[in-house]
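# Structural characterization, general
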Amino acid sequence: THIYQGVIEQLKSEGYKVELIFFHDVPNRKLRYYQMQADIFADMLTFGWFGANIREGMMLGKACVCYLRPEWLEQAREEIPEYIDELPVISATPDTIYQVLKDLIENPQKRVEIGRRSREFAVKWHSAVAGAKRLDGIYSELLKKKA
């Protein structure tokens, strides 16, 4: 959060109408309301991958930003190349987040396009139906090996 606070203050001082929304330990229904209001989801600039917040942002059709560790991208590419090829998440670090956010703020059509791709990606890879299909495939393979 401390990284974002400075970046948001800098953007505000430059005249951008931005607001940092951060939640911890709030009911899911309340969180969803605020997630719908957001234009950009940014999370985990140091870990190297994304979690539920970014997946939820993609499902809502939002532009999503987090740090994507290059070696983890390549490892995932080896296992599921089309997942990485289609991944619409924008990678940023604490050193690049200002420029990434500024670009997204100044280019609303870019945000819309990334949001559209994010929603398509999330439905394809992270929806309940997609998860059930993958689990069914894994389970079926395990049954074949046991037989």
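Up top is the structure these notes are about.
Heads up: these notes are all about the structure in this document. (Residues numbered from 1 in each chain as written. Predicted model: local features only at pLDDT ≥ 70, side-chain atom pairs only at ≥ 80, totals over all residues. Heavy atoms only, no water.)

On a plain count of helices and strands, the protein chain comes out with eight helices and three strands. For the protein chain, the succession of helices and strands along the chain, N to C, is α-α-β-α-β-α-α-β-α-α-α. Put simply, the protein chain has 147 residues, and 32% of those count as buried. A sequence separation of at least 24 residues applies to 57% of the contacts in the protein chain between residues at least 6 apart. When the accessible area of the protein chain is evaluated, it comes to approximately 9,600 Å², of which 55% is carbon and sulfur surface. (Helix = DSSP H or I, 4+ residues; strand = E, 2+ residues; numbered from the N terminus. Buried < 20%, exposed > 50% of the residue type's maximum accessible area, 1.4 Å probe, protein only. Contact = heavy atoms within 4.5 Å. Areas by Shrake-Rupley, 256 points an atom, 1.4 Å probe, with all protein chains shown as cover.)

This brings us to the packing of helix α6 (residues 97-106) against helix α7 (residues 108-126). Between α6 and α7, the least distance of the axes is 5 Å, while the angle of their chain directions is 100°. For the element pair α6 / α7, the angle class is roughly perpendicular. Mapping the contact onto sequence places D103, L104, I105 and E106 in α6 and P108, K110, R111 and I114 in α7. Of the residues contributing to the contact of α6 with α7, the split by class is four nonpolar, no polar and four charged. (Axes fitted to C-alpha atoms, helices over the stretch in contact; angles between N-to-C directions. Parallel < 35°, antiparallel > 145°, perpendicular 65-115°, else oblique. Nonpolar A, V, L, I, M, F, W, Y, C, P; charged D, E, K, R; others polar.)

Checked against the element boundaries, K62 lands in the loop between α3 (52-59) and β2 (63-66). The side chain of K62 is buried and forms no salt bridge, while D39, the nearest opposite charge, is found at 5.3 Å. Among residues more than four places away in sequence, those in contact with K62 are Q35, M36, A38, D39, F41, G57, G115 and S118. (Lys, Arg positive; Asp, Glu negative; His and termini not counted. Salt bridge = Lys/Arg side-chain N within 4 Å of Asp/Glu carboxyl O.)

Among the nonpolar cores identified, the biggest contains 18 residues, and W49, F50, L87 and V89 are the most heavily contacted of them. Ranked by residues supplied to this core, first place goes to α7 with three residues. With 17 residues, the next largest nonpolar core counts I8, V18, A92 and I97 among its residues. (Core = buried A, V, L, I, M, F, W, Y, C linked by side-chain atoms within 4.5 Å.)

Estimates place the volume of the largest pocket at around 970 Å³. Lining the largest pocket are 32 residues; nearest its centre among them are L20, I21, I40, F41 and A42. Where the lining of the largest pocket is concerned, the elements lending two or more residues are α1 (2-13), α2 (28-37), β1 (40-42), α3 and α6. Among the elements that make up the lining of the largest pocket, the one with the highest residue count is α1 (five residues). Its residues assigned to classes, the lining of the largest pocket comprises 20 nonpolar, six polar and six charged. Of the volumes computed, that of the second largest pocket is approximately 220 Å³. For the second largest pocket, the full set of lining residues is W49, W72, Q75, A76, E79, I80, Y83, I84, W125, H126 and R134. (1 Å grid on protein atoms, 1.4 Å probe; cavity = no way out; pocket = protein on both sides within 12 Å on 5 of 7 lines; lining within 4 Å. Points joined across faces, edges and corners; volume = space filled by probe spheres on them.)

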